[in-house]
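Structural description and commentary
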Amino acid sequence: MTERLSGEELTALVHRVFAPRDNEKGLAVLVDLPDERIPDEAEWAERREMAALWVDELTANEAQLGLKPVLVLYRNAHTNNGDLPERCWIHRAGPLPKSVDELDPAQSISFAELFADHPILLAPTHFSATAPLKVVAKTTPIRAATMRGFGEAMIPSVRLDYTEVNRRVVYLKKKLDEATGADFVFAYPGGEARLHLDLRFRSAHASGGLLHKPGAGNLPSGEAYIVPFEGESEASRSAGVLPVQFGDEIVLYRIENNKAVEVISEGPVARAEAEHLVREPAYGNIAELGLGVLAAFGVKPIGKVLLDEKLGLHIAFGRSEHFGGQVGPEHFSTPDAVIHIDRVYVPETQPDVIVKRVDLIMGEGQALPLMRDGQYVVDFS
């Protein structure tokens, strides 16, 4: 790694993001480990070594940090935002294990024990831990910065002025709170797609890089997001067509009652997605409308959702209960099938899908222009 965060930078990051309280004494850096089902990858191994280095740097700077840092290992959840296992290990010293199977179960502790002594967490993991940590934070006063896929290319994004990032995110959150819906027009080669998302009965969230209250949020940060109404009390008005580009193929999902109910395009990816919807209907739930702001700060996509979704518009499928929705792990066929997956609408990630228009519907049907040709047209000042 040619670029790295120093102990002083890491300490400043922890203080800025969490503003630790006097009664908080422990900080845990979480990493997930390969197992017999999910083999190791080079980037994954490098990320674990980076996390171990962070703990070393923070330990050397412990007097300024004011917290006791530990490195915590656990078996990977096999899917993004799947539930955490019950047990984990505090790594005291020596080389990192290459697999969870190298660890002694007798030396493990429960996550409940870990959270009791380490209420502040950084989670640069292979699979996202955002959803399960958000659920934990509802009953346990933890604060977690989830950093799925974090790597060297993301380091500049955690050095941003998060006071200004947070200000813009809070502005967008307020507009989402006031809106009853959102209208989208997408253009793609050979066609145009229109979509309406129902935002009634929901409150938005601000993820501006400041975690001063119990909860979990991404780092790098910089988005406002909301779960569309999922139809638990009456039919959802979310309906239309959502295009998503996979490589050279654009898949068109027909949305009804806030769910992708069928794929109306042709192609190998379209067939696979159609089969996925039949196999796992909860996968088709429209779980999130997200509005990222980091593109305005000069941040470019790097092919990692953790960062890329913070640049602009994204719409997610799958699990939503961790954001205040109704679809949780119990709606999927197995724990390994649980997923929350973001589709990011910036030119570098979906070059053939253009976000022509996004309007928020306010009050009695008044439209607030939000985006044109992928760019915000609201006045953040």
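Placed above this text is the structure.
Summary of the structure given here. Here the structure is a predicted model, which means the values were calculated and not measured.

Bringing the pattern of salt bridges into the picture now. In total, this model carries 29 salt bridges according to the counting rule given. One salt bridge connects Glu36 with Arg75, and the closest N-O pair in it is separated by 3.4 Å. Here Glu36 is found in the loop between strand E1 (26–33) and helix H2 (42–60), whereas its partner Arg75 is found in strand E2 (residues 68–75), with 39 residues between them in sequence. On the accessibility criterion, Glu36 (57% relative accessible area) is exposed. You can call Arg75 partly exposed: its relative accessible area is 29%. One salt bridge connects Glu192 with Arg194, and the closest N-O pair in it is separated by 3.4 Å. Beyond isolated ion pairs, a larger network of salt bridges with shared partners links Asp35, Glu36, Arg75 and Asp101.

Here the focus is the sheet that holds strand E17 (residues 340–345). Working definition: the strands of a sheet are paired by backbone hydrogen bonds and lie parallel or antiparallel to each other. One open sheet holds the five strands; their spatial order is E9-E11-E15-E16-E17, and the pairing between them is antiparallel. Two strands close off the open sheet at either side, each with one partner strand: strand E9 (205–207) and E17. In this sheet, adjacent strand axes meet at a mean angle of 25° when their direction is disregarded. Examined bridge by bridge, strand E16 (residues 313–318) and E17 share six bridges and lie antiparallel to one another.

The next point concerns the nonpolar core. Core analysis: the largest hydrophobic core is formed by 95 residues, its most contacted members being Phe184, Phe186, Tyr253, Leu289, Leu313 and Ile315. By residue number, the principal contributor to this core is H2, which donates six residues.

This part takes up the side chain of Asn81. When you line up the elements, Asn81 lands in the loop between E2 and strand E3 (87–91). The contacts of Asn81, once residues within four sequence positions are left out, are Ser128, Ala129, Thr130, Ala131, Pro132, Arg319, Val338 and His340.

Looking along a regular strand, one sees the side chains alternate between the two faces of the sheet. Bridge count between strand E8 (residues 191–198) and strand E12 (residues 239–246): two bridges; the pairing is antiparallel. When the bridges of E12 are listed, His196 appears paired with Ala239. With eight bridges joining them, E12 and strand E13 (residues 249–256) adopt antiparallel strand pairing. Bridged to Phe246 within E13 is Glu249. Following E12, the chain reverses through two residues before pairing antiparallel with E13; Gly247 in that reversal takes a positive phi of roughly 60°.

Here we take up the pairing of strand E5 (residues 120–123). Along E5, one buried face is formed by Ile120 and Leu122 and the opposite face, lined by Leu121 and Ala123, is buried too. With three bridges connecting them, E1 and E5 associate as parallel partners. Note on E5: the bridge partner recorded for Val29 is Leu122. Taken together, the four bridges between E5 and strand E6 (residues 143–146) define a ladder with parallel strand orientation. Bridging across to E6, Ile120 finds its partner in Arg143.

The element helix H5 (residues 130–137) is extensively covered by neighbouring structure, given that seven of its eight residues are classed as buried. Of all the positions in H5, only Thr130, Ala131, Pro132, Leu133, Lys134, Val136 and Ala137 are classed as buried. In this fold, the buried residues of H5 make contact with E1, helix H4 (111–117), E6, strand E10 (215–218) and strand E11 (223–226).

Moving on: the sheet that holds strand E20 (residues 375–376). The strand order E14-E13-E12-E8-E7-E18-E19-E20 describes an open sheet built from eight strands, whose pairing is antiparallel. The sheet is open, and its two borders are formed by strand E14 (259–263) and E20, each paired with just one other strand. Sheet strands in contact with helix H6 (residues 162–178) are strand E7 (179–188), strand E18 (354–362), strand E19 (366–372) and E20, and its direction is about 105° off that of E7. Of the strands in this sheet, E12, E13 and E14 are in contact with helix H7 (residues 268–279), which crosses E13 at around 30°.

On to the side chain of Ser128, then. Structurally, Ser128 is set in the loop between E5 and H5. Among the residues examined, Ser128 registers a relative accessible area of 11% and is labelled buried. At 3.2 Å, the side chain of Ser128 forms a polar contact with the side chain of Thr130.

Calculation rules
Residues numbered from 1 in each chain as written. Predicted model: local features only at pLDDT ≥ 70, side-chain atom pairs only at ≥ 80, totals over all residues. Heavy atoms only, no water. Salt bridge = Lys/Arg side-chain N within 4 Å of Asp/Glu carboxyl O. Helix = DSSP H or I, 4+ residues; strand = E, 2+ residues; numbered from the N terminus. Buried < 20%, exposed > 50% of the residue type's maximum accessible area, 1.4 Å probe, protein only. Pairing = 2+ DSSP bridges. Axes fitted to C-alpha atoms, helices over the stretch in contact; angles between N-to-C directions. Core = buried A, V, L, I, M, F, W, Y, C linked by side-chain atoms within 4.5 Å. Contact = heavy atoms within 4.5 Å. Polar contact = N/O pair within 3.5 Å; in protein donor to acceptor, adjacent residues only side chain to side chain.

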